[in-house]
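Examining the three-dimensional arrangement
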Amino acid sequence: MTEVSAVKKTDRPKFEGSLKTLPALTVVLAFALAMALALSAAAVVRAVPGTVNALASGGSLPEFPFADDNDKAAGSLYPASSVEVAGAGSVAAAGGEGNVIVLKNTGEISEAGVPGAGFTLDFTQYKLSGYGIRSITIKVYVPAGVKEISVTADGGETHLARYSLSGFQKEKWTEFSLYDDGLYFLSGKNIIDMTNERGQLGAFSYNFLWPAVDVSEGGDGAVAAAEGTVYVDSVTLELIDGAAGKPYLKYDGADVIDQTAGKTLLLGKAEAFDEFENRELPVTMRWEGTPGVDEAGLAVEGGPYTLVLEAENSFLEKVSKTLTVKVRPRDNEPPRILAAVDSLRTYPGTYGTMNVFATDNEDPVEVKVTWSRGALDDKGRLQPGEHEVTLYAEDLTGNSSTRVIAVSVPETEDGSIVLPDNTRDESTMRFGLPVWAVILIAGAAACIVILLIIIIFRKVRKMCWKRKDKKDKKDRKGRKNKELENTVSAAEAGAEAAAAEAAVSDAEGELKEAEEKAEGVIGEAKEAVEEDTRMTAEYVEWLEKNQSRAEGDNKIESFTE
């Protein structure tokens, strides 16, 4: 029974934003909702029959998706195996659910020289992305005689996984899983190697190897397989939960294409990439409504037409780019071949090399040069005689022009070919002009170049002189301004010095007057002091006299008593 379940992938690419910015309760509710949806989808896949895209729509898969022709062993290493599907209750191994695959070894020897049995499952029509599958698990009952389990793709040409059952406990139901970093894939292989070119799960086979038993008689080398029957109960796909995101498409051309009818549609480079699948995707084109090209891919006059570029990853996620195509009327103007003459005359031995050009109103064109038969020898030199050189140019629409130039090569008197020095043509150059004309043109060109150089030199020198004069004038003006500033500064300094000197003189006069006044005051003060001193002395003398008189009166008074 094929089952599909969904799990959360922990190493998915990081997208903008983070759950850290949400409240914890919101995160818990979102996780619970996601798990509920995943479990519901898994239940629907197991319960509802049908053949829809299980990954994209949550639909269902058949119990065992064998190939369309129901050849259960086709594509395995043992296409002669006996493969049956029976109810679990009708087989010897108990414990299965629903139907089981019964692999009986017929004893026939495979191309590998060993006996075995195998079955093939084909998921191609269900469009399951190999990038969205975490693991593929097979539940199998292994008998004692089985030696090895292997997984192959491409009809057994590509070996993906191999696991030896030597020493393994058998005769019980066991699950074996394939996953990218698992034990069972061979080195360098993974689930993506089980997908088709679109990255979707394709056809692959499980193979079981029995050891060979020698049944030869008389040394004939005959071998047979050991007995035992393998039972397969289910194949379960464990899907990655959640959308992978859209791929991106890059287009380096214009969104509006304007070209001429009758030409191949000229598009820019378009490329698509899917970051989740880490691979480039093919870009397809489709027209909406009327195609802008015919069956040959040439643009059809009219429009505007709508061209859509699309890319789709293995999850069926699409990205597109819409272009507008406008087609002008067909270009009917042929290229114009630039050739100055319709005939020319030259010497034998001249190399038939011509550099001619052509112009066109729309496209870049080249000129094809073709000489008539017998005109050139095996070294490309012109032979005597009358010859023709045909010039042909064609644009991208198919318009063409042709010019035929007659070339006359006279014979020399002795019939020999004139070979220039170093076997190169010195009489005519690659444009078919004489040497003197080429020298004249080169000399004129050299004179013009020299004249231009002289004119440019004189102009440059004149500009330099003008700049120098301007600089000198500026310097002179600067010096004059500096001198004027110095003069003004000196005058201001003199005026300040004179003012300071006058102030000093005034201060000296005032000081002298003050000294004179001070001397007068001091003199008056001295006289006053002297007067006070004299008066004080007289007063002291009077006191002394009065004291002596008082003492005499006191003595008289005592004696009287």
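Notes on the structure in this doc start here.

**Description of the overall build of the protein chain**
Across its full length, the protein chain carries three helices and 25 strands. In the protein chain, which comprises 561 residues, the share counted as buried stands at 31%. Relative to all contacts within the protein chain whose residues are 6 or more apart in sequence, the contacts with residues 24 or more apart total 67%. Counting every atom, the protein chain has about 35,300 Å² of accessible surface; 55% of that belongs to carbon and sulfur.

**A short note on the sheet that holds strand E21 (residues 343–345)**
Taken in spatial order, the four strands line up as E21-E25-E24-E23 in an open sheet, and their pairing is mixed. Looking at strand neighbours, the two that pair on one side only are E21 and strand E23 (367–371), the edges of this open sheet. In this sheet, adjacent strand axes meet at a mean angle of 20° when their direction is disregarded. Here E21 runs beside strand E25 (residues 400–409); their pairing, made up of three bridges, is parallel. Across the sheet, residue Ser 343 finds its bridge partner in E25, namely Ala 406.

**Some words on the sheet that holds strand E6 (residues 148–153)**
Spatially, four strands are ordered E4-E9-E6-E7 in an open sheet, and the strand pairing comes out antiparallel. Each edge of the sheet is formed by a strand with only one pairing partner; in this case those strands are strand E4 (116–122) and strand E7 (158–164). Each strand of the sheet is rotated relative to its neighbour by a mean of 15°, with strand direction disregarded. Sheet analysis places E6 next to strand E9 (residues 203–209), joined by six bridges and oriented antiparallel.

**Things to note about unusual backbone geometry**
In the segment running from Gly 303 into Pro 304, the intervening peptide bond is cis, with an omega of 5°. One can find Pro 304 in strand E18 (residues 302–312). The phi angle at Leu 316 is positive, at roughly 70°, despite the residue not being glycine. With respect to the secondary-structure elements, Leu 316 resides in the loop between E18 and strand E19 (318–328).

**Structural notes on the packing of aromatic side chains**
Enumeration according to the criterion identifies 12 aromatic pairs in this entry. Between Phe 119 and Tyr 206, the aromatic rings sit 5.7 Å apart at their centres with planes inclined by 20°, giving stacked as the arrangement. Here the residue Phe 119 occupies a position in strand E4, and Tyr 206 occupies one in strand E9, the gap between them amounting to 87 residues. For the pair Phe 119 and Tyr 206, one class covers both residues: buried. Relative to Phe 176, the ring of Tyr 163 has its centre 6.0 Å away and its plane inclined at 55°; by these criteria the two rings are tilted. Taken together, the residues span a long stretch of sequence, with Tyr 163 in strand E7 and Phe 176 in strand E8 (residues 173–179) at a distance of 13 residues. One aromatic cluster is present, formed by Phe 119, Phe 123, Phe 204 and Tyr 206 through successive ring pairs.

**A look at a nonpolar patch on the surface**
A contiguous nonpolar patch, built from Ile 448, Leu 451, Leu 452, Ile 455, Ile 456 and Val 460 and spanning about 550 Å² of accessible area, is present on the exposed surface. Mapped onto the elements of the fold, Val 460 is located in helix H3 (residues 435–560). Under the relative-accessibility criterion, Val 460 is labelled partly exposed at 42%.

**So, the nonpolar core**
Phe 119 and Phe 208 are the most contacted members of the largest nonpolar core, which totals 41 residues. Looking at this core, the elements that each hand over two or more residues are strand E3 (99–104), E4, strand E5 (133–141), E6, E7, E8, E9 and strand E12 (229–241). Broken down by element, the residue count for this core peaks at five residues, all from E12. Core analysis: the next-biggest nonpolar cluster, separate from the first, contains 17 residues, Ile 257, Ala 261, Ala 272 and Val 327 among them.

**Section: the pattern of salt bridges**
Under the counting rule described, the total for this entry stands at 15 salt bridges. Where Glu 362 meets Lys 263, a salt bridge forms, and the shortest distance between an N and an O atom there is 2.8 Å. Of this pair, Glu 362 sits in the loop between strand E22 (357–359) and E23 while Lys 263 sits in the loop between strand E14 (256–260) and strand E15 (270–274), and the two are 99 residues apart along the sequence. In this structure Glu 362 comes out as partly exposed when scored by relative accessible area, which is 33%. Its relative accessible area of 7% is what places Lys 263 among the buried residues. A salt bridge links Arg 286 to Glu 310; the nearest nitrogen and oxygen atoms lie 2.9 Å apart. Separated by 24 residues along the polypeptide, Arg 286 in strand E17 (residues 284–288) and Glu 310 in strand E18 bring together distant segments of the chain. Relative accessible area serves as the criterion here: at 35%, Arg 286 is assigned to the partly exposed category. With a relative accessible area of 16%, Glu 310 lands in the buried category. Via salt bridges that share partners, Asp 258, Lys 263, Arg 328, Glu 362 and Asp 363 belong to a single interconnected network.

Cut-offs applied
Residues numbered from 1 in each chain as written. Predicted model: local features only at pLDDT ≥ 70, side-chain atom pairs only at ≥ 80, totals over all residues. Heavy atoms only, no water. Helix = DSSP H or I, 4+ residues; strand = E, 2+ residues; numbered from the N terminus. Buried < 20%, exposed > 50% of the residue type's maximum accessible area, 1.4 Å probe, protein only. Contact = heavy atoms within 4.5 Å. Areas by Shrake-Rupley, 256 points an atom, 1.4 Å probe, with all protein chains shown as cover. Pairing = 2+ DSSP bridges. Axes fitted to C-alpha atoms, helices over the stretch in contact; angles between N-to-C directions. Phe/Tyr/Trp six-rings, centres within 6.5 Å; stacked < 30°, edge-to-face > 60°. Patch = residues over 30% accessible without salt bridge, like charges linked within 9 Å, V, L, I, M, F, W, Y side chains within 5 Å. Salt bridge = Lys/Arg side-chain N within 4 Å of Asp/Glu carboxyl O. Core = buried A, V, L, I, M, F, W, Y, C linked by side-chain atoms within 4.5 Å.

Bear in mind that shape data such as this cannot, by itself, settle questions of function.
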